[in-house]
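Chain residues, written in single-letter form:
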Amino acid sequence: MDTRSELQATVDAMVQPGKGLLAADESGPTIAKRFKTIGLESTEENRRAYRNLLLTTPGLGEFVSGVILYEETLGQKGDDGTPFPQLAARNGIVPGIKVDLGKVPLALAPGDEITEGLDGLARRFVDYKRQGARFAKWRAVYNITERLPSRLAIEANADSLARYAAICQEAGIVPIVEPEVLMDGDHTIERSAEVTEAVLHEVFDALHRHRAVLEHILLKPSMVLAGSDHAQQSSVADIAVATVRVLRRTVPSAVRGIVFLSGGQTPEEATANLDAMNRLGALPWNLSFSYGRALQEPPLQAWRGQPGNVAAAQQALLKRARLNGAAALGKYEAGQEKG
Ligand code: 5MM
């Protein structure tokens, strides 16, 4: 298959009505933080057992079309000896990999951050593809204050995201482009909208300059929300309207799929907000989810590292996947939470 057809086939498999992505790409320090909440040590075997639980959830492929893995997980095997990428593919879930190497402070720009990992990326894709990865993910992070993010951070991160996307597409890998405007802070929803619009505008300008094919990327943005410390939190309806307004202003209709991150929202909030957006009428792109915490928190708490809790944890994951699948169609009802 030529590269273009390969990219197209992957996008087609990932963007499906009523389906979204599971972000299970926590790096070492992040998964250790998550395990700490259930009093579990982050050993290689515990991480493998947990990812095995997620990927062997019966029926998950009905609502999840892709899974983002961390490099270590890509090389690990399920209980039956099947490598995780093949295990996912067998269940109709496209395997992908987070390829950024994390963020560091942006030099001479106090408070801003930049994501690293471009050097040698094209070479790394040879192995990742051999292991079964068909898409990748790169996350840029923007802190909000009255003066942040700086123009410099917006431009530098957009350029890195776009270079990453171009390298992915040349390798036949679909890039998920993730600019995350953080909800930490006491900013208003209007300030979040202003920053998100500036960030996305710059990202698409950079994607154009770097010759990325928009039909063959997925965008993973944050929702437009007031800061988590802001006194007045917005309603679901206001979040949906503000987020879709910014997306309409900045994301070309050539982009097939927009898959949100949850960014610290509760699982229920992330589902309700996605649902409300999908009730706003016809949109140019498929709006769905690529949640990490909002999908994994309930199963992680149900599991607590105990083999006897695996079935309950899988049920908890399947429930969130099913409800988010409904939200991706604008068919979620809060009453379904009780089921
Ligand atoms: C779960 O967090 C992922 C990994 O973060 P680190 O690289 O810091 O370990 C992250 O990339 C995730 O895919 C997205 O940010 C979305 O996750 P949330 O939890 O915000 O939905």
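Procedures and definitions
- The written sequence of each chain sets the order in which its residues are numbered from 1.
- Thresholds applied to this predicted model are a pLDDT of at least 70 for local features of residues and 80 or more for the giving and counting of side-chain atom pairs; totals over whole chains, interfaces and linings are not thresholded and use all residues.
- With hydrogens and water set aside, each side-chain value is computed from the structure's full complement of heavy atoms.
- UniProt positions are given in the numbering used here, feature names are shortened, and annotations may be inferred rather than shown by experiment.
- Strands here mean DSSP runs of E at least two residues long; helices mean DSSP runs of H or I at least four residues long; both are numbered from the N terminus.
- Residue burial is assigned from relative accessible area. The probe radius is 1.4 Å, only protein chains are included, and a residue is buried under 20% of its type maximum, exposed over 50%, and partly exposed in between.
- Throughout, a contact is declared for two residues whenever any of their heavy atoms are within 4.5 Å.
- All accessible-area figures derive from a Shrake-Rupley calculation using a 1.4 Å probe, and residue coverage is judged against the displayed protein chains alone.
- The convention is simple: Lys and Arg are positive, Asp and Glu are negative, and His and the chain ends are not counted.
- In plain terms, the charge of a residue is placed at NZ if it is Lys, CZ if Arg, CG if Asp and CD if Glu.
- The way it works is a 1 Å grid over only the protein atoms, where trapped points that fit a 1.4 Å probe form a cavity and open points with protein on both sides within 12 Å along at least five of seven lines form a pocket, and then any residue with an atom within 4 Å of a point lines it.
- Grid points are joined across faces, edges and corners, and a volume is the space filled by probe spheres set on the points.
- Each residue receives one of three labels: charged for Asp, Glu, Lys and Arg, nonpolar for Ala, Val, Leu, Ile, Met, Phe, Trp, Tyr, Cys and Pro, and polar for the others, Gly being one of them.
- To be near a molecule or strand, a residue needs just one of its heavy atoms within 4 Å of it.
- We call two N or O atoms a polar contact when they sit within 3.5 Å, provided that within protein one can donate a hydrogen and the other can accept it, with sequence-adjacent residues counted only if both atoms are side-chain atoms.
- Paired strands, in this sense, are two strands between which DSSP finds at least two bridges.
- Handedness is read with the strands pointing away from the viewer; a crossover is right-handed when the path from the first strand over the helix to the second is clockwise.

As annotated in an unreviewed UniProt entry, the protein chain is Probable fructose-bisphosphate aldolase class 1 from Paraburkholderia ginsengisoli. The annotation that UniProt attaches to the protein chain under Sequence similarities (unreviewed entry) is "Belongs to the class I fructose-bisphosphate aldolase family." As recorded by UniProt, the Pathway (unreviewed entry) comment attached to the protein chain reads in full: "Carbohydrate degradation; glycolysis; D-glyceraldehyde 3-phosphate and glycerone phosphate from D-glucose: step 4/4."

Trainee: Please provide a residue-by-residue account of the overall build of the protein chain, values included.
Mentor: Scanning the protein chain from terminus to terminus reveals 12 helices and 10 strands. With the C-alpha coordinates of the protein chain rotated into their principal frame, the extents come out at 50 × 45 × 40 Å. Burial analysis of the protein chain (339 residues in total) assigns 56% to the buried set. The long-range share in the protein chain, meaning contacts at least 24 apart out of those at least 6 apart in sequence, stands at 79%. Carbon and sulfur atoms make up 51% of the accessible area of the protein chain, which totals about 14200 Å². Across the protein chain, the mean location of the 38 positive side-chain charges is 4 Å away from that of the 41 negative side-chain charges.

Trainee: I'd like a description of empty space enclosed by the protein, backed by residues and values.
Mentor: Once rolled over the atoms, a probe with the size of a water molecule shows which space is left empty. Inspection of the entire model under this criterion finds two cavities of 30 Å³ or more. As for the largest cavity, its lining consists of 14 residues, of which Val181, Met183, Ser222, Met223 and Leu225 are closest to the centre. In the lining of the largest cavity, the residues fall into seven nonpolar, six polar and one charged. Estimates place the volume of the second largest cavity at around 40 Å³. Taken together, Met14, Val15, Lys19, Gly20, Gly257, Ile258, Val259, Asn286 and Ser288 form the lining of the second largest cavity. Broken down by secondary-structure element, the contributors of at least two residues to the lining of the second largest cavity are strand 9 (257-260) and strand 10 (286-291). At three residues, the largest contribution of residues to the lining of the second largest cavity is made by strand 9. Here the lining of the second largest cavity is composed, by residue class, of four nonpolar, four polar and one charged.

Trainee: Summarise the site of the ligand; cite the residues concerned and give the values.
Mentor: Taken together, the neighbourhood of the ligand is formed by 17 residues, with Ser27, Thr30, Lys98, Lys137 and Ser262 sitting nearest. Between the ligand and the protein, one listed contact pairs an oxygen atom with a side-chain N or O atom of Lys137 at 2.2 Å. In this structure, an oxygen atom belonging to the ligand sits 2.7 Å away from a side-chain N or O atom of Arg293. Summarising the interface, the protein chains cover 91% of the accessible area of the ligand, which totals 490 Å² for the free molecule.

Trainee: Run through the environment of Asn91, naming residues and quoting values.
Mentor: Along the chain, Asn91 falls in the loop between helix 5 (84-90) and strand 3 (94-98). What makes Asn91 partly exposed here is its relative accessible area of 36%. Taking the C-alpha atoms as reference points, Asn91 and Gln8, 83 residues apart in sequence, are found 20 Å from one another. Excluding anything up to four places from it in sequence, Asn91 contacts Leu55 and Gly61.

Trainee: Outline the pairing of strand 9, listing residues and values.
Mentor: Residues Gly257 and Val259 of strand 9 are buried on one face, and the alternating residues Ile258 and Phe260, pointing to the opposite face, are buried as well. By the bridge criterion, two bridges tie strand 8 (residues 218-219) to strand 9 in an arrangement that is parallel. Following the sheet pairing, Leu219 is matched in strand 9 by Ile258. In this view, the connection linking strand 8 to its parallel neighbour strand 9 by way of helix 9 (residues 236-250) has right-handed handedness. Summarising the sheet, strand 9 and strand 10 pair through four bridges and their orientation is parallel. Bridged to Gly257 within strand 10 is Asn286.

Trainee: Run through unusual backbone geometry, naming residues and quoting values.
Mentor: Between Leu148 and Pro149 the backbone carries a cis peptide bond, its omega angle lying at -5°. Mapped onto the elements, Pro149 comes out in the loop between strand 6 (135-142) and helix 7 (151-170). Residue Leu108 is not a glycine yet carries a positive backbone phi of 65°. If you trace the backbone, Leu108 turns up in the loop between strand 4 (103-105) and strand 5 (113-115). Positive phi is not limited to glycine here, since Arg211 has a value of about 65°. We classify Arg211 as exposed; its relative accessible area is 75%.

Trainee: Any chance you could break down the environment of Leu280 for me, citing the residues and the numbers?
Mentor: With respect to the element layout, Leu280 can be found in the loop between helix 10 (267-278) and strand 10. Judged by relative accessible area, Leu280 falls into the partly exposed class, the value being 41%. In the structure, Leu280 is positioned 257 residues away from Ala23 in sequence and 26 Å away in space, judged by C-alpha atoms. Beyond its immediate chain neighbours, meaning those up to four positions away, Leu280 contacts Ala240, Val241 and Val244.

Trainee: I'd like a rundown of the pairing of strand 10, residues and numbers included.
Mentor: Of all the six residues making up strand 10, five are buried; the element is thus mostly covered by neighbouring parts of the structure. Looking at chain direction, strand 1 (residues 20-24) and strand 10 are connected through two bridges and run parallel. When the bridges of strand 10 are listed, Leu21 appears paired with Ser290. In the classification by handedness, the crossover that spans strand 9, the intervening helix 10 and the parallel strand 10 is right-handed.

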